[in-house]
Amino acid sequence: MPEIWFYHLQRQPLENVLPGLIEKSLEKGWRVVVQARSEERLDALDQWLWTYSDASFLAHGRARDGDAELQPVYLSTGVENPNGAAIRIFVEGASMAEAVAEPGASAYVRAIAVFDGANEDELTEARAQWKQLKDMGLALTYWQQGENGRWEKKA
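Residues numbered from 1 in each chain as written. Predicted model: local features only at pLDDT ≥ 70, side-chain atom pairs only at ≥ 80, totals over all residues. Heavy atoms only, no water.

Draft legend 1. Looking closely at the pattern of salt bridges. Tallied over the full model, the rule gives 10 salt bridges. Residue Arg 62 pairs with Glu 39 through a salt bridge whose shortest N-O separation is 2.6 Å. Linking Arg 62 in the loop between helix H2 (39-51) and strand E3 (73-76) with Glu 39 in helix H2, this pair joins segments that are 23 residues apart in sequence. Owing to a relative accessible area of 40%, Glu 39 belongs among the partly exposed residues under this scheme. Among the salt bridges present, the one from Glu 152 reaches Lys 154, with a minimum N-O distance of 3.4 Å. Accessibility expressed as a relative area gives 33% for Glu 152, which makes it partly exposed. Residue Lys 154 is classed as partly exposed on the basis of its relative accessible area, which comes to 46%. Because the salt bridges share partners, they merge into one network encompassing Glu 39, Asp 43, Asp 46, Arg 62 and Arg 64. (Salt bridge = Lys/Arg side-chain N within 4 Å of Asp/Glu carboxyl O. Helix = DSSP H or I, 4+ residues; strand = E, 2+ residues; numbered from the N terminus. Buried < 20%, exposed > 50% of the residue type's maximum accessible area, 1.4 Å probe, protein only.)

Draft legend 2. Spotlight on the layout of surface pockets. A volume near 390 Å³ is recorded for the largest pocket. Lining the largest pocket are 17 residues, and of these Tyr 7, Gly 20, Leu 21, Lys 24 and Trp 151 sit closest to its centre. Grouping the constituent residues of the lining of the largest pocket by class yields nine nonpolar, four polar and four charged. (1 Å grid on protein atoms, 1.4 Å probe; cavity = no way out; pocket = protein on both sides within 12 Å on 5 of 7 lines; lining within 4 Å. Points joined across faces, edges and corners; volume = space filled by probe spheres on them. Nonpolar A, V, L, I, M, F, W, Y, C, P; charged D, E, K, R; others polar.)

Okay, structure coming up:
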């Protein structure tokens, strides 16, 4: 079973945090899947990951791009893991239970739900998922952004 972490955004938006999480994962040699609930969110992330920095970009792809198995970062609304990712990042309240409970979940080292504490829908969904995963007997860790924007382990 993967480590399951919940990242509670309080100081920065997802667009500022996600590239750093992906970069750190790639530095460890881990491929990444980012799962959202909607194609619209994936469209926005698709654009953002190419342009978030003047000095860098994050190579990535989606099903429509083809060659999914070659992508270091794969964007999806489904539970597939075509690039053999070791880490799965859930945004926009994407459901974690199906992805971490399916037979292929053992391929993941870590599953991370990133949710915006200022967005009531995302906060409610994160709480519901925490309860669901806890009821499934999974070990969970909760991280919150501190005053300095760094992650602090809270539970």
